[in-house]
Each structure stands twice: as C-alpha cells, then as structure tokens.
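Coordinates in review
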Amino acid sequence: MTLPSTAHDARPVEAPAAAVSLRGARLSFGERTLWSGLDLDVAPGEFIAVLGPNGSGKTSLIRVLLGLQALSAGEVRVAGREPRRGSPHIGYIPQQKALDPDLPLRGRDLVGLGLDGHRLGIGLRGRRVRRAQVDAALAAVGGTSYADAPVGRLSGGEQQRLRVAQALVGDPAVLLCDEPLLSLDLAHQAGVTALIDQRRRVADTAVVFVTHEINPILPLVDRVLYLVDGRFRIGPTDEVMTSSVLSALYGTQVDVLRVRDRLVVVGADGADAAHCHGDDL
Amino acid sequence: MNKLISFENVGELLALPFVQSALIACAVLGLVAGLLAPLIVARGMSFAVHGTAELAFTGGAAALLTGIGVQIGAVVGAVVAGLVFGVLGLRQRERDSVIGVVLAFGLGLGVLMLALYHGRASNKFGLLTGSIVSIDATNLWVLGGVAVVVVTVVAVFHRQLLFASADPEVATARGVPVRMLSLLFAVLIGLVTALAVPVVGAILVLSVMIAPGAAAARVTANPLLATALAVAFAELALVGGTVLSLAPGLPVSGYVAAIAFACYVGCRVVARYRGRSPARA
C-alpha cells in the first residue's frame, strides 16, 4: 500500500475529540514497511481490536501510541497530544507473564507502580491519597482479597487482574492492551475482558486491543483494524471480518465462518495459524 | 569450641582505635548492602554480585602488584565488572554465561597476580577472606562518601528500580529508563561490592549482599519492610560478626557469613511456620 503522503502531511490533526488519532501514519524499518497511510480515529469509549498475523506491526502500533517508537511519517495524537513515555493519559496492559515468586512486592505495590512507579524520589507526600487510589483500583478488579499477597505467588489470572488495576489506577483516557488474554484460561479471559469493558463504559476510556484471537472480545469490539503485510482494513467487525475482505488482505482464499457466536477464520495461511486455531471453539 | 566463641577481653579490644574504625566501616557497609540486597534479589542478580566480587578481587590483586591502593583497585575492578555485565547481558539467561566466563578469567588472572606478588602474605589472603586489619586500612572517608552516593541514588531511583525489576516491559512503557537503570544499578553493586571485599573477602561478599535480602524476601513482600529487614540483618551480621571475631582472633568473614546464614534459615523457618512463604505481610 503506497502512501499519499503529501496530502496527509499537509493536513493538520483536527480538534482532539478523538482519544487516539493517526494521520497518514507510516512505520518502516529499513526497507520493510509495516504499514503506511494509516488514518485512524478512536473515539472516547470506543473499543478497537487490532488483528493480524505475527510481524504485521500490531505491537509496533502500540509502541507508537506509547511514545516508544517514532513514526516514519505522518502524525499521531493520544489524548490530544503527541505521545510521550510515561504519559498519565495512557494505561498499558501487556500479555500475562509470570512474575518471579520471590519478588518482594505485594499486589498493592504492583498497582501503585502504575501510579508513580516512573517517578523519582521516595514519594512520602500524598501517601494517603495514593493509598485510596490504589485501594479503589484494587476493589474495581476484585483484587482486594489478595492486595497484600506477594504478587509472584498469585495465579496468572490474579496477576493479570492486578495489571488491569495497575493500568487503570492513573485514570487514563486511553487503554492500550497488547495480547492481555494470552496464556489465561477461558474463565480468566472473560473476567479480564469484562473489567476492560466495564471501564470503557463507566469512564469513557478508549481501548486499543491487540490480539490474534478476536473471539474472546467479539461482543465488545466496535471496530477492527486488520493488518496484513502492509495492507490493512478498518471498519466494524461485520464489514472487516468477511471472506472477501480477508481474502483481499491476505491475497489468498480465506473463509470466515460464523459458528454460533464465534468467528472461524480458515485458510489465512500458515502466517496466521494462531488466528484460526480452533482449540477454544 | 570455646575458642570459637569467646568474649575474653572484648571490652578492651573494643576500645582499640582500629577495632572502632572497623565497626564503623561494618555499620556503614551493612546499611548500603542491606539497601541493595532486596533489589538484587528482585532482579535475580545474585550471580552478577558474585562475579563482581571476583573481579573486585582481580582489581585488588592488580593493585597489590602494581603498588596502587588495594581499595582503589577493588573499586575499579568491581565497577568495570558491573558495567560489563550490565552492557553485555541485560537478558538474564545470556547474562549468566557472560558472568561465568568473565568471572573465571578474572579469578585466574587474580591468582596469577597474587603469585607474582612478594609482599605480605596476609595482604593476599585478606583479599579472598577479608580481615579486620584490612578494614582499618579502609579509608573511612571513602566508605562514607560512597555510602552517601549509594543511599542518595537508591532514594532517588527507588520506585523506578523497583518497577524496572518487577516488570521491565510495563516499566519501559511507562517511561522508566530501564536500560539506564540497569547500568546504574550495576555500578552501585560494583561500588558496594568493592567496599565489602576487604571486610568479608571476595569469596564471601554474597553473605552481606544477598543473604539479608533473600532472608527478608522470605518473610515479607512489602518492599519497604523488606529493605528495613535486610538492613537490620546486614548490620547484625557485619557488626555482630566483627564483635564475635575479636576475642578468638579469627577471620571476621566466617562469623559474618554464619550470622547471615542463620538469619536466612531463621526466616525460612518463620515462613514455613506461618504456613506459606513469604507470608502476607
């Protein structure tokens, strides 16, 4: 996909009603272009799923929004300004990775790091306010009962709930999720998904959700951004997740079937094996 | 056995200036070692500390041979080691093999240099096992200066260090300079290790740099409490070990290591007695 760059570059980013806004965005590493000409506005409270095979630039998009990766061309705004590292407007939930069992850290400390873990100093001021915020975030994810337990000894699902609390404790306008359900069992997937959904409904937080498996979040998704090998499509789930659109994106015959309340993608080649795995059907 | 534990003439011995300066040095060392220990445990850097200590030994041996101050040689060796480990092996699996290779080389080099050294034999032995006389040789002002630097740096970067240790990925996303902190922490370890080498010797540095933190992590997951406990254990081991070693006239390091080990075993017992380890603190 080529970039009509000049037209996009000349156009200023509009009044920041959007929580996330990309204009003519291009990301290249050397010769390789992950995506270009990407225009995307995510409204407050909107839930966008970012799908695509490995190496299609899903995580790189998150890194751009986090301010960790500069665009090769185009503009990006998060909560109305250029993203920068440690922005209080952004919450981030990574994929679940086991924490060290001997880590001297309690659940409430992990959540508290989301509030001020990037700050300098020992933070003696405002401890009462901080404690109240952490307690509220813990309560919101149902984590009060293990708030004082060592994080490394909690289950994967409990750890991931704490990461949700950690991402939300700073009251962000945008929530960036990078495969947050990976390696969780179905019950915990549903639990974490419900927390994220509840948050965006109550607080109007925009959600950008990178995943290789849309089914656990299918009922929540407002729009899909599907990236394949430099090509992409943005639109409502029903418009993007079709045989014709995915066939065009992948450049090969892809069939999308709806089986009860699930989508089954068949034939998206070996490149996208993870997307069409059927083990949780 | 009565030769091992004895308090004969301890009162008079404590009045000696070199004993007093040794005790002051131990107290300062206990504070800085205890401060770093929980973070070392949290970062899984025990082996790095061991490697750093061996290279402090190499630096000390080189300094003996060339007639520079041993302390200066140890500091240079340890800080260089810390930086090398920090740069080469940020990923833990890779780090272990890097440390193993560099450690063995440094130790061999040190042994070679000691063999070429024809000065006092106690100087040689002191590097490996520490001695109370070599504490006297320690410039208390240097020790105090380094302690001020270490305490200040830890106070300023404590939350960032904790965040980067617990969850480097999210910490990076939140704008914590994880890579820089890794190098900074390696330098801190180098400085404190170099100060600990004359007291407990290169071989037993782990007993003051690791054991207090590992013991504390057994009984609490509260990072602040863990730090306070680690400082207490380190002080107990260093100051207590020095006092116990006076009357028998045996090496300080054996007593320090024994007390540190007792603290660790005690904490494990407490944790087990509580039914889970580490307990919900």
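Every chain is numbered on its own, with residues counted from 1 as its sequence reads. Chains carry letters and ligands carry numbers; both start at the beginning, A for chains and 1 for ligands, and go up in the order they are written. Reporting of local features is limited, given that this is a predicted model, to residues whose pLDDT is at least 70; pairs of side-chain atoms are given and counted only at 80 or more, and all residues count toward the totals for whole chains, interfaces and linings. The basis for every side-chain value is the complete set of non-hydrogen atoms in the structure, without hydrogens or water.

Cut-off, in case you're wondering: UniProt positions are given in the numbering used here, feature names are shortened, and annotations may be inferred rather than shown by experiment.
If you look chain B up in an unreviewed UniProt entry, it shows as Metal ABC transporter permease from Pseudonocardia charpentierae. Regarding chain B, the relevant UniProt record gives this comment under Sequence similarities (unreviewed entry): "Belongs to the ABC-3 integral membrane protein family."

1. Some points on the overall build of chain B
Threshold: The secondary structure listing takes helices from DSSP runs of H or I that are at least 4 residues long and strands from runs of E that are at least 2 residues long, numbered from the N terminus. To get the radius of gyration, use the C-alpha atoms; to get the globule rule, take the number of residues to the power 0.38 and multiply by 2.2 Å. Exposure is judged per residue with a 1.4 Å probe applied to protein chains only, and the accessible area is read against the type maximum: over 50% gives exposed, under 20% gives buried, and values in between give partly exposed. By definition in these notes, contact holds between two residues if any of their heavy atoms fall within 4.5 Å. The method behind every accessible area is Shrake-Rupley, applied with a 1.4 Å probe, and residues are considered shielded solely by the protein chains displayed. His is not counted, nor are the chain ends, whereas Lys and Arg count as positive and Asp and Glu as negative. We put the charge of a Lys on NZ, of an Arg on CZ, of an Asp on CG and of a Glu on CD.
A tally of regular secondary structure across chain B gives 14 helices and zero strands. Overall, chain B shows an N-to-C arrangement of helices and strands of α-α-α-α-α-α-α-α-α-α-α-α-α-α. A globule of 281 residues ought to have a C-alpha radius of gyration of about 19 Å, and chain B, at 18 Å, matches this closely. Overall, the C-alpha framework of chain B stretches about 55 × 45 × 30 Å when taken along its three principal axes. Across the 281 residues of chain B, 53% fall into the buried class. The long-range share in chain B, meaning contacts at least 24 apart out of those at least 6 apart in sequence, stands at 77%. Of the roughly 11,500 Å² of accessible surface on chain B, 73% is carried by carbon and sulfur atoms. Measuring between centres, the 16 positive side-chain charges of chain B sit 10 Å from its 9 negative side-chain charges.

2. Some words on the pattern of salt bridges
The test is simple: When a carboxyl oxygen of Asp or Glu lies within 4 Å of a side-chain nitrogen of Lys or Arg, that pair is called a salt bridge.
The tally for this structure, following the rule as stated, stands at 19 salt bridges over all chains. Its salt-bridge partner being Glu 169 of chain B, residue Lys 97 of chain A comes within 3.1 Å of it at the nearest N-O pair. One end of the pair, Lys 97 of chain A, is in the loop between strand S5 (90-93) and helix H3 (107-116); the other, Glu 169 of chain B, is in helix H9 (residues 168-173), on a second chain. What emerges from the salt-bridge pattern is a single network uniting Arg 106, Arg 108, Asp 109, Arg 131, Asp 135 and Asp 148 of chain A.

3. Points about the sheet that holds strand S4 (residues 73-78) of chain A
Strand pairing in a sheet is mediated by backbone hydrogen bonds. Such pairs are either parallel or antiparallel. Residues and elements named next belong to chain A. Test applied: Pairing between strands requires that DSSP locate at least two bridges from one strand to the other. For helices, the fitted axis covers only the stretch in contact; all axes are lines through C-alpha atoms, and the angles between them, taken along N-to-C directions, range from 0 to 180 degrees.
Reading across from one edge, S2-S1-S4 is the order of the three strands in this open sheet, with antiparallel pairing throughout. Looking at which strands have only one partner, the edges of the open sheet turn out to be strand S2 (32-42) and S4. Within the sheet, the average angular offset between the axes of one strand and its neighbour, ignoring direction, is 25°. With seven bridges connecting them, strand S1 (residues 20-29) and S2 associate as antiparallel partners. Following the sheet pairing, Val 20 is matched in S2 by Val 42.

4. A look at the side chain of Thr 52 of chain B
Along the chain, the position of Thr 52 of chain B falls in helix H3 (residues 46-66). Setting aside residues no more than four positions away along its own chain, Thr 52 of chain B makes contact with Ala 78, Ala 81, Gly 82, Phe 85, Ile 189, Gly 190 and Thr 193 of chain B.

5. Concerning the pairing of S5 of chain A
All names here are of chain A. Taking every second residue as pointing to the same face, both faces of S5 are buried, with Ile 90 and Tyr 92 on one and Gly 91 and Ile 93 on the other. Note: S5 against strand S6 (residues 174-178), four bridges, orientation parallel. Residue pairing across strands places Ile 93 opposite Cys 177, the latter belonging to S6.

6. Some words on the environment of Leu 40 of chain A
All names here are of chain A. Here Leu 40 shows up in strand S2. In this structure Leu 40 comes out as buried when scored by relative accessible area, which is 4%. Placed 209 residues apart in sequence, Leu 40 and Leu 249 show a C-alpha to C-alpha distance of 18 Å. Not counting chain neighbours up to four residues away, the residues in contact with Leu 40 comprise Val 20, Ser 21, Leu 22, Arg 23, Ile 48, Arg 223, Leu 225 and Ile 234.

7. Quick notes on the nonpolar core
Side chains of nonpolar character tend, in soluble globular proteins, to be buried together. We count it as follows: Put simply, a nonpolar core is a bunch of buried Ala, Val, Leu, Ile, Met, Phe, Trp, Tyr and Cys residues held in one set by side-chain atoms that sit within 4.5 Å of each other.
Core analysis: the largest hydrophobic core is formed by 165 residues, its most contacted members being Trp 35 and Tyr 226 of chain A together with Met 209 of chain B. The dominant element in this core, judged by the number of residues it contributes, is helix H10 (residues 178-200) of chain B, at 13 residues. The residues touching Met 209 of chain B, leaving out its near neighbours within four places in the chain, are Ala 33, Ala 37, Ile 40, Val 49, Ile 189, Val 192 and Thr 193 of chain B.

8. A word on the pairing of S6 of chain A
Looking along a regular strand, one sees side chains alternate from face to face of the sheet. Residue and element names in this part refer to chain A. The condition that has to hold: Whether a crossover is right-handed depends on one test, that the path from the first strand over the helix to the second runs clockwise when the strands point away from the viewer.
Summarising burial for S6: five of the five residues are buried, a large majority. Burial of the side chains of S6 extends over both faces: Val 174, Leu 176 and Asp 178 are buried on one face and Leu 175 and Cys 177 on the other. Both S6 and strand S7 (residues 206-210) contribute to a ladder of five bridges, which runs parallel. Looking across to S7, one finds that Val 174 is bridged to Ala 206. The β-α-β motif built from S6, the intervening helix H6 (residues 186-203) and the parallel element S7 has right-handed crossover chirality.

9. So, the UniProt feature "transmembrane region" (unreviewed entry) in chain B
Residues and elements named next belong to chain B. Residues annotated in UniProt with the feature "transmembrane region" (unreviewed entry) correspond here to residues 20-41, 62-85, 97-117, 138-158, 178-211, 223-246 and 252-271. Helix makes up 88% of residues 62-85 and strand 0%, with an end-to-end C-alpha separation of 20 Å. For residues 97-117, the end-to-end C-alpha separation is 30 Å, with 95% helix and 0% strand making up the annotated structure.

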